[in-house]
Structures are given as structure tokens and as C-alpha cells.
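Summary of structural features
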Amino acid sequence: METIRLTTAQALVRFLAHQYSERDGQEQRLIPGVWGIFGHGNVAGVGQALLQAAVTQEADLPYYLARNEQGMVHASVAYAKMRDRLATFACTASTGPGSTNMITGAALATTNRIPVLLLPSDMFATRAADPVLQQLEDTRGGDVTVNDTFRAVSKYFDRVQRPEQLMPAALAAMRVLTDPVETGAVTLALPQDVQAEAYDWPVSFFRRRVWHVGRPVPEPAAVERAARLLRGARKPLIVAGGGAVYSGAETALRAFAEATGIPVADTHAGKGAVPWDHPRAVGGIGSTGSYAANELAREADVVLGIGTRYSDFTTASHTVFGNPDVTFVNLNVARLDAVKHSAEPLVADARLGIEALAGALVDWEVPAEYRTRTRELITRTREIEEACFTVGHGPLPAQTEILGALNDVLDDRAVVINAAGSMPGDLQQLWRARDPKAYHVEYAYSCMGYEVAAGVGAKMADPSREVVVLVGDGSYLMMAQEIVTMVSEGLKVIVLLVQNHGFASIGSLSESLGSQRFGTKYRYRDGDSGLLDGDVLPVDLAANAASLGADVLHATSVEEFRSAMEKAKAATRTTVVHVETDLHGPNPPGHGWWDVPVSEVSALDSTRAARTTYAAHKHHQRHYL
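Summarised in this report is the structure supplied together with it. Computed from a predicted model, the values in this text were never measured in an experiment.

**Here's the deal with the nonpolar core**
The biggest cluster of nonpolar side chains holds 57 residues, and the ones touching the most others in it are W35, L118 and Y450. Per-element tally for this core: the top contributor is helix α3 (residues 69-82), with eight residues. Residues contacting Y450, with those up to four places away along its chain left out, are H74, V77, A78, L108, I417, N418, A419, H440 and E442. Of all hydrophobic cores here, the second largest spans 55 residues; its members include A252, A273, I306 and A316.

**Looking at the pairing of strand β18 (residues 415-418)**
Taking every second residue as pointing to the same face, both faces of β18 are buried, with V415 and I417 on one and V416 and N418 on the other. Across three bridges, β18 lies against strand β20 (residues 467-472) in parallel orientation. For V415, the partnering residue across the bridge sits in β20 and is V467. Once you follow β18 into helix α16 (residues 423-430) and on to strand β19 (residues 439-441), the crossover reads as right-handed.

**Notes on α16**
Within α16, eight of the eight residues are buried, leaving the element largely enclosed by the surrounding structure. By the burial criterion, the buried members of α16 are M423, P424, G425, D426, L427, Q428, Q429 and L430.

**With respect to the pairing of β20**
Along β20, six of the six residues are buried, which leaves the element largely enclosed by surrounding structure. Burial along β20 is two-sided: V467, V469 and V471 and V468, L470 and G472, pointing in opposite directions, are all buried. Of the strand pairs in this sheet, β20 and strand β21 (residues 494-499) are connected by five bridges, and their pairing is parallel. Across the sheet, residue V471 finds its bridge partner in β21, namely L497.

**Quick look at the environment of L6**
Within the element layout of this structure, L6 appears in strand β1 (residues 3-7). Judged by its relative accessible area of 6%, L6 is buried. L6 sits 195 residues away from W201 along the chain, and the two C-alpha atoms are 7.0 Å apart. In this view, L6 contacts A11, R14, E197, A198, Y199, W201 and F206; residues no more than four positions away in its chain are not counted.

**Structural notes on the packing of aromatic side chains**
The way to describe two aromatic rings as a pair is by their centre distance and the angle between their planes. Tallied over the entire structure, the rule returns 17 aromatic pairs. When the centroid spacing of 5.8 Å and the interplanar angle of 90° are considered together, the rings of Y310 and F328 count as edge-to-face. You can see Y310 sitting in the loop between β15 (302-306) and β16 (327-332) and its partner F328 sitting in strand β16, a full 18 residues away along the chain. Of the two residues, Y310 and F328, both sit in the buried class. Through a chain of ring-to-ring contacts, three or more aromatic side chains come together here, namely F15, Y199, W201, F205 and F206. R208 extends its terminal NZ or CZ atom over the ring of Y20, reaching a point 3.9 Å from the ring centre. In this arrangement the basic side chain of K271 is found over the ring face of Y439, its NZ or CZ atom lying 5.6 Å from the centre.

**Things to note about the sheet that holds strand β12 (residues 236-240)**
What the six strands build is an open sheet, ordered β14-β13-β12-β15-β16-β17; its pairing is parallel. Strand pairing shows two members of the sheet lacking a second neighbour, β14 (281-284) and β17 (344-347), which therefore form its edges. Ignoring strand direction, the axes of neighbouring strands in this sheet form an average angle of 20°. Taken together, the four bridges between β16 and β17 define a ladder with parallel strand orientation. Note that in β17 the partner of V329 across the bridge is E344. The strands touched by helix α11 (residues 291-299) are β12, β13 (264-266) and β14; relative to β14, the strand with the most contacts, the crossing angle is about 100°.

**Topic: the sheet that holds strand β3 (residues 26-29)**
Across the sheet, which stays open at both edges, the three strands sit in the order β3-β2-β11 with mixed pairing between neighbours. Strands with a single pairing partner mark the edges of an open sheet, and in this sheet they are β3 and β11 (209-212). The mean inter-strand angle of the sheet, taken between neighbouring strand axes irrespective of direction, is 30°. Note: strand β2 (residues 19-23) against β3, four bridges, orientation antiparallel. Residue E22 lies in a different strand from β3, and its bridge partner there is E27.

**Section: the pattern of salt bridges**
All chains considered together, the criterion is met by 43 salt bridges. The partner of R5 in a salt bridge is D200, with the nearest N and O atoms 3.2 Å apart. Taken together, the residues span a long stretch of sequence, with R5 in strand β1 and D200 in strand β10 (residues 198-202) at a distance of 195 residues. Accessibility expressed as a relative area gives 54% for R5, which makes it exposed. The class of D200 is partly exposed, set by a relative accessible area of 38%. A salt bridge links K155 to E182; the shortest N-O distance between them is 3.7 Å. With K155 in the loop between β7 (116-122) and β8 (156-159) and E182 in the loop between α6 (166-177) and β9 (185-191), the pair connects residues that are 27 residues apart, well separated along the chain. A single salt-bridge network, built from bridges that share partners, covers D24, R215, D349 and R351.

Parameters and conventions
- Throughout this description, residue numbers start from 1 for each chain and increase along the sequence as written.
- Local features in this predicted model are restricted to residues whose pLDDT is 70 or higher, and side-chain atom pairs enter the listing and the counts only when it is 80 or higher, whereas totals over whole chains, interfaces and linings include all residues.
- As a rule here, side-chain values come from all non-hydrogen atoms in the structure, and water together with hydrogens is ignored.
- The nonpolar core is taken to be a set of buried Ala, Val, Leu, Ile, Met, Phe, Trp, Tyr and Cys residues, with the residues joined through side-chain atoms within 4.5 Å.
- Exposed residues in this analysis have more than 50% of their type's maximum accessible area, buried residues have under 20%, and partly exposed residues fall in between, with area computed by a 1.4 Å probe over protein chains only.
- Counting from the N terminus, the helices are DSSP H or I runs at least four residues long and the strands are E runs at least two residues long.
- Any two residues whose heavy atoms approach within 4.5 Å at even a single point are treated as in contact.
- Paired strands, as defined in this entry, are two strands with at least two bridges between them according to DSSP.
- By convention, a crossover is right-handed whenever its connection, traced from the first strand over the helix to the second and viewed with the strands pointing away, goes clockwise.
- Pairs were defined over the aromatic rings of Phe, Tyr and Trp, the Trp ring being its six-membered one, requiring ring centres within 6.5 Å. Orientation was assigned from the angle between planes: stacked under 30 degrees, edge-to-face over 60, tilted for the rest.
- Either the NZ atom of lysine or the CZ atom of arginine qualifies as a charge over a ring when it sits within 6 Å of the ring centre and within 35 degrees of the ring normal.
- Angles run from 0 to 180 degrees between N-to-C directions of axes, and those axes are lines fitted to C-alpha atoms, restricted for helices to the stretch in contact.
- A side-chain nitrogen of Lys or Arg and a carboxyl oxygen of Asp or Glu constitute a salt bridge if their distance falls within 4 Å.

This is the structure in C-alpha cells:
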């Protein structure tokens, strides 16, 4: 057996450079590069291996320098999301805080079911210098390190204690990364001494490997059962989730909706699978869903879920599907999701499943009166949207007006990125996506700080698209530093920084729950009340963005914003468009509910009143059995 002597880190770099994914005959690099921040735990191991690969060209695995370890995981997730989970990055971090900074990103990846390879550095396997700098000493066992916290948020975890353990661990990692059912964060913890330890590796370990991402075929009997339920429906509704996009099922879904007349609602991850102006598209569903989608959901007798995991926002905390006899048919590659809500499961690839259902329903369509009902609801929804876009609020514009103007100035292929705050709710109702990659809202984990870093990954995944990062001041303050990465990598990204001096979403939620917007504004502490309700803080986020290397444009009105966006589109480098909006809205009207428990007893009148409202909503909550 031919061997080659390399360190564990050198072997890992060489192995990763030869991994490919394939679906439908199209191959691409599975791991096209490595994000990292070096410290004592990885600089002489993985860092040396990446340098050697670059200098000697023995392995093609470019290194990208991030500014925050959580940020580089977000960038990798955004890249993988844009690439339909067929490619992602590896992320290397140093021992201790550098590695644990990646945990939030790992949780986000696994919750969203997006692949990312994490390489946290670990303590000495030999324990020769025990305890080393940044080591957690655990009285329960000498083999426990801070990296064990990755176990809870990873789909696969292994600690490589000996060089030869890398071979089965690396192969297992690739298996999970390329499995549509099991994918998520994959963690290989690398003790810093093992990284630098040499071993005689079989050359065959480094051969070109192609990981085939299959399309599970639907079982004919399951298709027949699902079709039977749909044939009996008078008011069916499709809920399109992320699986419809990742499987490339957009064309099949549109044809199916046209042939059957079934209206299509979407989740955040599924938006764009059917263009917003398609006659069967009824918009977002659930807690922040559209009028049309939620009205149809309340009436639906059969719900066909396609690639959705039915989060509480999608179901409006189990209240939006109001028909007491509603039945679910769930088409999903993962059985976990296919059986939710006591559904008739159709475990299969979304595209193949839709095509199979279309064949089984070739001579069936919804009643004519249901088509009419859908058209009427869509018309009313468009009126609601236009009212939000043209509210004429002052002196500061409403956030909905800014989104309306943004809709106008961007083309269909532009990617809009968001994750947290009031904007996801506004976007779900108001954003008009015609392209499945145009709407990039991370709402499984809804992680503040995702947005700017995700802009890096999305632009790297498809440089031909305009990438617009929508970020509020709350998320911006949590993680804006990857603007520096945009600048250093020469990426042209537009960052739309919406400043309202507080937490608009949680402030509004707090008010509705009787907590009076407590602690949700960026204010000085008042000397009399002792609360954070004094004057507005003199925070200049535009100046901060300029200090990070971006060009900055200012807008104080909707028209100035339109002009600034045209300039940003014409720019060739990262540009921040700063605009202030009213913290208090107005926001789009609510058509759904979200279960956030209110204090059962309280000394505050506002809280007692909110509890009464909460109890009324709880009355409509149900299990789908």
C-alpha cells in the first residue's frame, strides 16, 4: 500500500480539497475553501497546512480570513443555502473561546438543516501540558473539553485523538454533509498536538471522491394515498417550504399549482418557489403571514406541505389551520417532517414527489368557486400591501415604505438577506420574490448578527447577483465586523442599515403582552425613574460603517432612499445605505398569532389585560391529531 507522510492537519487539507458533490449529473466542489481565525490552537496545525498547500500547490483549498468565528459560520451557511446545500465551507478556530464562538453558528446551521464543517481546535490529546491556556478543567472527567458543547448542536461530532482516526471521521463527516435528511453542522474537534503529529497515510485516502446526492423516489402506494386525500378536498392549500427550493422543484410546483388550481402559500425558506405574482401564489403563511394565505389556511380541508418543518411561525402556534376536520399530506425527504400533524406521509424528494402527485391527479382540479375565492383574497391582499408601501408616514418614514421602494429598485435576481427583528415579519407579508434565491431570510434560528456575515457568503456563492443585506441597528451592533471581510475580499455588497434606535419587533411584542416596551429602546438611563427611557443615545452607525471601510450613503426620506439605492447599485464596492425609520411603525396588519405566554398574575393593569387576550387566543390552539 502506497503511503505518504503528512501531519494530521496536512492530511485533512489534502482530503478536503478532493471532495465533490453531485446531483443530476452536475458536480461541484463540496468544500471550496476554509474560513478561519488563527490562534495558538490552530496556527501551527491547520494554519501551517493551509499555508503549505498554497505555497506548494499540493492542494487547492483557499483560506479566507474572517473577523468573528460566529460570522464565518454564518457566511458558510449562506453560501450553502445559495448552493442548494451542495457545497459549503470548512471553518477553523483556535482553542477555547475561538471555537466556542462558533456554537451559535452551528445551532443555526443545524436548525436550518444547512451543511457546514466545523474544525474547532481542542486540548492536548497527550495531556502533556495539562491544563493549557484556555482549558476548562472538569471534575467529572479528564476527557471533557468546551468542545463537547458542540455535540448538542451538531448532526455529527467526533474528536480526533489519534492521526489515524481522521480517516473514518472525515469520511463520516462528508456522508452527513451530503445527506439531505441528516445534514447540518458537522464538527471534527482537533486537539492541537494531533494537528501537528505525523502519520503514514494511505495515498488512496486522498483520491477524488464524488458524494452523490440522490433524489429519493416516492413509494407508489404512498402517492396513491396522498392523491386520494387531495381528490376528496374542496379547499386544499399547499405550504411550500425550503425543501421545495433546495430540491429545485420550482418548475414542477408551478405546473402542479396551475394544473390543479391549488393555491400555494410559502414559509420564509420557501418564498420565491412560486413567483409572487403567479395567479396561485397567496404569500407567506402563519404568524406574520398574508391575509390571503391565512384566510385560506383557516378554511383548508387538506393541507399539502412540501419541504416544510412546520415551525410555530408557519402554523401560527397551531391556530392558523382552523378547519376542525383538516387533514395533512406532507411531502418531505425527512420522515421526521413528513409525519408531523398526523399527516399522510409522502417521504421523497420534493421535485419527484410533486411530479408523482401531478401524474396521479392529472384529471382533477379544485372547484371553480374555490378559484374565485382565491382570486378575491389575493386582490384584497394586494390592497393591503399597497397601503403599507404608500402610508406617507412622517416625520420619519415607516419601514414598510422603505421595503416598498426597495421592491421597486431591485431586479428579480437581487438577493435580499435578513434574519431577525421586525423586518422578517414585514418581509414575509410584503416582499415580492420572483426568484427562489432572491429571498434569503434565516428564520429557523432567527439569529441576530447573521445578516452582514451572510452577505459575504451569498455574494461568494453567486457573484453575478446583487446582494442586499437588510439589517436593523440591533443586529448591526451585534455583528457588523464582516464588512471588513467584504472590503478585504473585494466583494460588492449593499448593506441597507435601518436605524430606529431600539428593538422594533420585541418592543411591539412587549407592548402587546403588557410589558410596556420595557428595555427595548436605545436610551440613556433616566435619573429619576432608573429606567432606560431617557434621551436617544448619540450612536452614529453610519460613521462606524465608514470606519470599517465601506462607502456610506445617507437617506432621510423615501425619495432620498430611492436615489441612494440607485447610487449603491452603480457602485463597485461595498456600500452602506443608512436610513432612519420610525421605531413605532406602522407595521403591516397582523393576520396571525404567536404563542408567547403572558404572566398569569400581575400587579400591572397592562399585563392583566394582555393575559385576557392571550387566553382568548389559546382557546383556538389545537393539536392536529
